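# Breakdown of the fold
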Amino acid sequence: MTFVKRTELQMFDGRQIFYYDRESIARTAIDSRPFEPRPLPGDMREDILTGEWVAMAAHRQARAFLPPKEFCPLCPTKSDFGTEVADSTFEVVVFENRSPSFSAPSDQLPPETIQALGRCEVVVFSDQHEGSFGNLDLAQMRTVLSAWIDRTREISQLPYVEQVFVFENRGEEVGVTLNHPHGQIYSYPFITPRTTKMLQAAQAHFDKTKTPLLTSVIAREIKDEVRVIAQNEHWIAYVPFAARYPFEIHVAPKVFVPDLAELTDAVADAFPEVAKEVLLRLDGVFGIPMAYIAAWHQAPVRTGRDVLGLHWQITSIRRAPGKLKYLAGSEAAMGAFIMDLEPEQSAAQLRDVQL
Ligand SMILES: [Zn+2]
């Protein structure tokens, strides 16, 4: 059993912050920044051409954009400059996003508004400003996983949340506005378009075969071998058969689970080893830190839990040292991807990296 202690404290504006520690440390630091009211929830509009929801979050335009290190809001508080984390050290912290795209219900909005309900959180992977998830030691990666598991479990209890999305954007090329190693959690009051499609495919497969789709996919990857890039007893990492990005890697537990909250300790303990190998291979391909989006696909909170399997999807838009793949006409307007590289070739490049 991996021990992680959670301490819950309040931030200056009433937001919650959680410290996750492997040691039983007393966390009592007070966030003494002057009080400021929190933004009202944004609204949500339906695109009637597609039936998809769009969250309006204009207040996010004012958020910090690539501040210099001494004004990093995710560093611990070491001087007069109060950051989001009041303590002077931490291992892993999670707090509510200051400019959330989705937030708790408010009675201060006109009744005709469809509020963008949900919860957005920031997960800070380390108190060190430099580095990245892949460069953490294995024990600390495990603490981050404990935080993801805990937050997924708790946010799933909110009555207005349908789906919990844990993710990390890394690199300015994919829109990162803070360099400090961190990820985010978005939870939505609807099931996202991508998950809706995945649910349909997973349900159809399950009806036909009585097997979760991801279980069948993993069996095929193990048989084909050519797209597998790393594995251990409990996890497998592979470039999917129909990868859409030059470097796209899926990392899945070998035994089906719907979400992070359902991982057993043994499976969770085995994750950091494979995660680290995958991210080091990704950085090794061109010998430069690879910009990526790492997304945890989880079954929705209330539906599809026996058919949609947990997996971690890492996609990079870099296709060569000086070249990015942009989502252009076909991808952006039609959602039809054109892949510049054979997935087997991409897997071979990742496997060939000397660690
Ligand atoms: Zn920082």
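Residues numbered from 1 in each chain as written. Predicted model: local features only at pLDDT ≥ 70, side-chain atom pairs only at ≥ 80, totals over all residues. Heavy atoms only, no water.

## Here's the deal with the overall build of the protein chain
Under the convention used in this document: For the purposes of this entry, the term helix denotes a DSSP run of H or I that reaches at least four residues, the term strand denotes a run of E that reaches at least two, and both are numbered from the N terminus. Based on C-alpha atoms, the radius of gyration is set beside the globule rule, defined as 2.2 Å times the residue count to the power 0.38. Relative accessibility decides the category of a residue: with a 1.4 Å probe and only protein chains considered, values under 20% of the type maximum give buried, values over 50% give exposed, and everything between is partly exposed. Residues count as neighbours in contact if any of their non-hydrogen atoms are within 4.5 Å of one another.
When you go through the protein chain residue by residue, the secondary structure sums to six helices and 15 strands. Its C-alpha radius of gyration of 20 Å places the protein chain within 12% of the 20 Å reference for a compact globule of 355 residues. The principal-axis extents of the C-alpha atoms in the protein chain amount to approximately 60 × 50 × 45 Å. Split into buried and exposed, the 355 residues of the protein chain put 52% on the buried side. For the protein chain, the share of sequence-separated contacts (at least 6 apart) that also reach a separation of at least 24 residues comes to 66%.

## Focus: the domain arrangement of the protein chain
Rules: Start and end points for every domain follow an automatic or database-based domain assignment. What counts as buried area is the accessible surface, traced by a 1.4 Å probe, that two parts surrender upon association, with contributions from both included. Any Lys or Arg side-chain nitrogen located within 4 Å of an Asp or Glu carboxyl oxygen qualifies as a salt bridge.
Assigned domains within the protein chain: domain 1 (5–190) and domain 2 (194–352). For domain 1 versus domain 2, the separation of C-alpha centres amounts to 24 Å. Summing the contributions of domain 1 and of domain 2, the shared interface buries around 2,600 Å²; its carbon and sulfur component is 57%. Looking only at domain 1, the three residues that lose the most surface to domain 2 are Arg142, Arg170 and Glu173, adding up to 23% of its buried area. The interface formed by domain 1 and domain 2 holds four salt bridges in total.

## Describing the pattern of salt bridges
This model, assessed by the stated rule, comprises 29 salt bridges. Put simply, arginine 98 and glutamate 36 hold a salt bridge, and the shortest N to O gap is 3.0 Å. Note that arginine 98 is positioned in the loop between β5 (92–96) and β6 (119–124) and glutamate 36 in the loop between β2 (16–21) and β3 (44–47), a separation of 62 residues in sequence. Taking relative accessible area as the criterion, arginine 98 reaches 34% and is therefore assigned partly exposed.

## Here's the deal with the sheet that holds strand β9 (residues 228–231)
Basically, it comes down to this: Pairing between strands is defined by DSSP: at least two bridges between them are needed. Only the stretch in contact is used when a helix axis is fitted, and all axes are lines through C-alpha atoms; the angle between N-to-C directions ranges over 0 to 180 degrees.
The sheet built from eleven strands is open, its strands ordered β1-β2-β5-β6-β8-β7-β12-β13-β11-β10-β9 with antiparallel pairing. The sheet is open, and its two edges are formed by β1 (5–10) and β9, each paired on a single side. Strand after strand, the sheet turns through a mean of 20 degrees between neighbouring axes, direction not considered. Across six bridges, the pairing between β1 and β2 is antiparallel. Residue pairing across strands places threonine 7 opposite tyrosine 19, the latter belonging to β2. Its contacts with the sheet put helix α3 (residues 213–224) on β9, β10 (235–238), β11 (247–253) and β13 (311–316), and the angle it makes with β10 is roughly 70 degrees. The strands that helix α4 (residues 265–286) touches are β7 (163–170), β9, β10, β11, β12 (292–297) and β13; relative to β11, the one it contacts most, it runs at about 170 degrees.

## Notes on the coordination of the zinc ion
We apply this condition: For Na, K and Ca the donor cut-off is 3.2 Å, while for other metals it is 2.8 Å, and in both cases only N, O and S atoms qualify; water is not among them, so sites may look incomplete. A four-donor site is called tetrahedral if each angle lies between 85 and 135 degrees; a four-donor site is square planar, and a six-donor site octahedral, when trans pairs exceed 155 degrees and the remaining angles lie between 65 and 115; all other cases are labelled irregular.
Only Cys72 (SG), Cys75 (SG), His129 (ND1) and His180 (ND1) from the protein reach the zinc ion as donors, at distances of 2.0 to 2.3 Å. Here the zinc ion is ringed by four donor atoms whose angles at the metal span 103 to 118 degrees, and the overall shape comes out tetrahedral. Going along the chain, you hit the donors of the zinc ion in the pattern C-x2-C-x53-H-x50-H. Of this pair, cysteine 75 sits in the loop between β4 (52–55) and β5 while histidine 129 sits in the loop between β6 and α1 (138–155); the two residues are 54 residues apart in sequence, bridging distant segments of the chain. Side by side, cysteine 75 and histidine 129 carry an identical accessibility label, which is buried.

## Things to note about the pairing of β11
For β11, a buried count of seven out of seven residues is recorded, marking the element as mostly surrounded by other parts of the structure. Of the two faces of β11, the one lined by Phe247, Ile249, Val251 and Pro253 and the one lined by Glu248, His250 and Ala252 are each fully buried. Sheet topology places β11 next to β13; five bridges connect them, and they run antiparallel. Pairing of glutamate 248 across the sheet is with threonine 315, part of β13.

## Side note on unusual backbone geometry
Positive phi outside glycine occurs at lysine 210, with the angle close to 60 degrees. Note that lysine 210 resides in the loop between α2 (193–209) and α3. The phi torsion at glutamate 225 lies on the positive side, around 65 degrees, for a residue other than glycine. The exposed category is assigned to glutamate 225, whose relative accessible area is 58%.

## Overview of the nonpolar core
The test is simple: Only buried residues count toward a nonpolar core. Its members are Ala, Val, Leu, Ile, Met, Phe, Trp, Tyr and Cys residues joined through side-chain atoms within 4.5 Å.
Formed by 56 residues in total, the largest nonpolar core has its most connected members in Phe133, Trp148, Val251, Phe271, Trp312 and Ile314. With eleven residues, the top contributor of residues to this core is α4. Residue-level mapping places this core at the junction of two domains, with at least three residues from each of domain 1 (5–190) and domain 2 (194–352). In contact with phenylalanine 271, not counting residues within four places along its chain, are Phe133, Leu145, Trp148, Trp235, Val251, Trp296 and Trp312.

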